[in-house]
Structures are given as structure tokens and as C-alpha cells.
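# Per-entry structural report
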Amino acid sequence: MSSHASPARALLSPAQIDAALMRLPYEEWIVMPAAAAHVQELGLPRESLTQVIRTGRRRGVLRTKKEPDLRLFWVMRIAEEPYRRVPAIV
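A few points on the structure. As the structure is a prediction and not an experimental result, all values here were calculated from the model.

Parameters and conventions
Residues numbered from 1 in each chain as written. Predicted model: local features only at pLDDT ≥ 70, side-chain atom pairs only at ≥ 80, totals over all residues. Heavy atoms only, no water. Helix = DSSP H or I, 4+ residues; strand = E, 2+ residues; numbered from the N terminus. Buried < 20%, exposed > 50% of the residue type's maximum accessible area, 1.4 Å probe, protein only. Contact = heavy atoms within 4.5 Å. Phe/Tyr/Trp six-rings, centres within 6.5 Å; stacked < 30°, edge-to-face > 60°. Lys NZ or Arg CZ within 6 Å of the ring centre and 35° of its normal. Pairing = 2+ DSSP bridges. Axes fitted to C-alpha atoms, helices over the stretch in contact; angles between N-to-C directions. Salt bridge = Lys/Arg side-chain N within 4 Å of Asp/Glu carboxyl O.

### Here we look at the overall build of the protein
Within the protein, the regular secondary structure consists of three helices and three strands. Counted from the first residue to the last, the protein has its helices and strands arranged as α-β-α-α-β-β. Per-residue burial for the protein yields a buried fraction of 30% across its 90 residues. Across the protein, every contact between residues at least 6 apart in sequence was considered, and the portion connecting residues at least 24 apart equals 54%.

Have a look at this one:
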């Protein structure tokens, strides 16, 4: 392992991700630092926000936007439930 290796990220459980997603305000744009504060209120590390945002976008629960002139990132929860895909039965 090199000295430049990044530390391993703690993976969140689906229940933790669901709780973090539902903590974000519904249909209201908030800046990412405010979203990080909501994640921290659940006792999750601030760094887990990236995983929450990516998962929320993949599930269709969150939207994000960037203000080019202000360099701010915004997030909005657009679903009332933390959708999860049901595995296909073969």
C-alpha cells in the first residue's frame, strides 16, 4: 500500500441511507453544507453525504443542481419515500 492511498470509506447501511434521505426537506432546495448538517444530526460522519446523495439520485429520490457563478451545490428531496429496487426473481 502506498503512502498516498486514501482511507477506506465507511459504507452506510440501507437503513442509514434511508434515514438520511428522509431527513432532507421535501421539495425544498438546500445547499450541500446544510444537507451535511442533517446527515450529522443522525450521528453519521459528514463524509457520508456523498454516498447519501449518490444513492438518492440513483433511486430518483433526490435532485441536485450547481450555481456556476456562486460555486454552490444544491440538493432537493423529490420523493416522499426512500425508494429501493426490489430484486428481480428469476
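### Brief notes about the packing of aromatic side chains
Between two aromatic rings, the relevant description is the distance of the centres plus the angle of the planes. With the rule as written, the count across this model stands at zero aromatic pairs. When the ring centre of W29 is taken as origin, the NZ or CZ atom of K65, which lies over that ring, is 4.5 Å away. The side chain of K65 reaches across the aromatic face of W74, ending 5.8 Å from its centre.

### Remarks on the sheet that holds strand β1 (residues 30-31)
Strand order in the open sheet formed by three strands is β1-β3-β2, and the pairing between neighbours is antiparallel. The open sheet has two edge strands with one neighbour each: β1 and β2 (62-67). The sheet contacts of helix α3 (residues 49-59) involve β2 and β3 (72-77), and relative to β2 the element is tilted by about 115°.

### What to know about the pattern of salt bridges
Taken as a whole and judged by the stated rule, the model has two salt bridges. The partner of D18 in a salt bridge is R59, and the shortest N-O contact between them spans 2.6 Å. Highlighted residues: D18 in helix α1 (residues 14-23) and R59 in helix α3, separated in sequence by 41 residues. On the basis of relative accessible area, D18 is assigned to the buried category, the value being 12%. Taking the shortest distance from any N to any O, the salt bridge between E41 and R23 comes out at 2.3 Å.

### Re the pairing of β2
Here β2 runs beside β3; their pairing, made up of six bridges, is antiparallel. Residue pairing for β3: T64 is matched across the bridge by V75. The hairpin turn running from β2 into β3, its antiparallel successor, is four residues long, and R71 in that turn takes a positive phi close to 60°.

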